[in-house]
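# Examination of the molecular architecture
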Amino acid sequence: MAHYLVTGGCGFIGSHLADALLGDGHAVTILDDLSTGRLENKPARAELVVGDVADADAVRHAMDGVDGVFHLAAVASVQRSKELWAETHRTNVGGAVTVFEVARTIRDGASVPVIYASSAAVYGDNPNTPLGEDCVPQPRSAYGVDKLGCELHARVAWEIHNVPTVGFRFFNVYGPRQDPLSPYSGVISIFARRVARGEEVEIHGDGEQVRDFVYVGDVVRFLMASMRKRPQGAAVYNLCTGRPTSILMLLDVLQELCGKKARRLHRTARPGDIRVSIGDPAKARAAYGLTCRTGLLEGLGATVSWAVL
Ligand code: NAD
Ligand code: UD1
């Protein structure tokens, strides 16, 4: 049994990860400021430290005695990063650097390994899909720039300070517990609830923009496998399916699943929105022998069932 810190563990992905770690018999501490996370997401057996991931004292307190860190706390919305540029930067880069810094100093003699959330947003609008990890990053948002910054700091963490890290470039993650009520949440969570309730949905732009939607249960399997493998170095992997879905296709599938039609409100495209985002999953598959196996229909079914509860 090991003891892990999950930053952002009251959020969507972090709470699923915390559940799975506890299910495997590990002890879990969560550090979360509850800005978008919810207390009801916290597994009963996890210890919660309420605090800011960019505050070194809070991170030191939460990291005391742990064997590894999953760093997921961030402002996860690309849109939000446009509105709250400096504040997002402080959390998204400042938080990661603080975590790496404490990971190198908290234990005598050995650093604590850190698995962290990067993003497909580092690629920007690159039409050469599916995107492999060796594509030159060209982020178009403050959010994407900050996630790239985390990867660069992770390299420093390993090369200069001996902190082993693995960064996963999550593509568009979806599933139960992704907040359906916030306009800053993922499109699937917003659409699933609205279609199921017969409410209208907003399409930004023409709806032909494409995403690689990956189910949260698959993301958790990769995160756990990477910690089990004991990170060495500063690796970066895509976490994706390689399968494209447009926003209009997504809406069709959801309407089919719910047996309802939603009224469509057309809005202007978000400035800086990515047109096509599809990842190449080969490198992560080779490293961990895993695939993102949950099909869109299965994953949407689970999401809709949760959204109508
Ligand atoms: P989320 O908003 O549900 O979870 C983020 C958690 O971090 C929340 O619980 C929030 O309260 C906490 N948090 C935010 N700022 C904090 C701070 N300053 N100090 C402490 N805690 C703080 O989002 P999510 O979708 O679960 O995202 C988890 C991670 O995955 C993030 O790093 C995000 O950037 C990354 N990511 C998500 C997706 C996706 O599609 N959901 C895709 C790529 C990357
Ligand atoms: C998402 C993630 C981000 C991650 C990135 C990786 C969230 C909130 N954001 O950003 O953390 O790093 O994937 O690829 O999970 N849309 C609509 N109507 C809506 C909502 C959205 O048309 O009501 C459109 C958006 O304009 C966009 C697409 O759906 O074109 C996806 O938007 P969104 O779910 O916010 O995700 P990303 O911006 O891709």
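Just above sits the structure.
As a starting point, this report considers the structure included with it. Remember, predicted model here, so these are calculated numbers, not experimental data. (Residues numbered from 1 in each chain as written. Chains lettered and ligands numbered in written order. Predicted model: local features only at pLDDT ≥ 70, side-chain atom pairs only at ≥ 80, totals over all residues. Heavy atoms only, no water.)

## Some details on the pairing of strand E5 (residues 114-119)
- Counting buried residues along E5, 6 of its 6 residues qualify, which places the element largely inside the surrounding structure.
- Neither face of E5 is left uncovered, since the one carrying Val114, Tyr116 and Ser118 and the one carrying Ile115, Ala117 and Ser119 both have all their residues buried.
- Note that strand E4 (residues 68-71) and E5 share 3 bridges and pair parallel. Bridge assignment links Phe70 to a residue of E5, and that residue is Ile115. (Buried < 20%, exposed > 50% of the residue type's maximum accessible area, 1.4 Å probe, protein only. Helix = DSSP H or I, 4+ residues; strand = E, 2+ residues; numbered from the N terminus. Pairing = 2+ DSSP bridges.)

## Considering the nonpolar core
- In this structure, Phe168 and Phe170 are the most contacted members of the largest nonpolar core, which totals 58 residues.
- Examining the composition of this core, we find that 8 residues originate from one element, helix H8 (residues 216-228), more than from any other.
- Two domains each put at least three residues into this core: domain 1 (3-173 + 213-241 + 281-288) and domain 2 (179-210 + 243-279 + 294-307).
- Ignoring anything within four residues of it in the chain, the contact list for Phe168 reads Ile115, Tyr116, Ala117, Ser118, Ser119, Phe222, Leu223, Ser226, Tyr237, Leu239 and Tyr288. (Core = buried A, V, L, I, M, F, W, Y, C linked by side-chain atoms within 4.5 Å. Domains from an automatic or database assignment. Contact = heavy atoms within 4.5 Å.)

## Examining the packing of helix H9 (residues 247-258) against helix H11 (residues 296-307)
- Running from N to C, H9 and H11 point in directions that differ by 60°, and their axes come no closer than 10 Å. Overall, the two elements H9 and H11 adopt an arrangement that is oblique. Our pair here, H9 against H11, has a crossing hand that is right-handed. Where H9 approaches H11, its residues Leu250, Val253, Leu254, Leu257 and Cys258 are matched on the opposing element by Leu297, Leu300, Gly301 and Val304.
- Residues belonging to the contact of H9 with H11 are distributed by class as follows: 8 nonpolar, 1 polar and no charged. (Axes fitted to C-alpha atoms, helices over the stretch in contact; angles between N-to-C directions. Parallel < 35°, antiparallel > 145°, perpendicular 65-115°, else oblique. Left-handed = near helix turned anticlockwise from the far one by under 90°. Nonpolar A, V, L, I, M, F, W, Y, C, P; charged D, E, K, R; others polar.)

## Observations regarding the environment of Asp218
- Positionally, Asp218 belongs in helix H8.
- Put simply, Asp218 and Cys240 are 22 residues apart on the chain and 9.1 Å apart in space, counted from C-alpha to C-alpha.
- If we ignore the near neighbours within four places in the chain, the residues touching Asp218 are Thr291, Cys292, Arg293 and Thr294.

## Comments concerning the packing of aromatic side chains
- Scanning all chains against the criterion turns up 10 aromatic pairs.
- When the ring of Tyr4 is compared with that of Phe70, the centres are 5.5 Å apart and the planes differ by 75°; the resulting orientation is edge-to-face. With a gap of 66 residues between them, Tyr4 in strand E1 (residues 3-7) and Phe70 in strand E4 connect regions that are remote in the sequence.
- Judged by relative accessible area, Tyr4 falls into the buried class, the value being 10%.
- The exposure class of Phe70 is buried, given its relative accessible area of 1%.
- What links up through ring pairs into an aromatic cluster is the set Phe168, Phe222, Tyr237 and Tyr288.
- The ring of Tyr184 has Arg80 lying over it, and the distance from NZ or CZ to the ring centre is 4.4 Å.
- The ring centre of Tyr288 lies 5.1 Å from the NZ or CZ of Lys229, which sits over that ring. (Phe/Tyr/Trp six-rings, centres within 6.5 Å; stacked < 30°, edge-to-face > 60°. Lys NZ or Arg CZ within 6 Å of the ring centre and 35° of its normal.)

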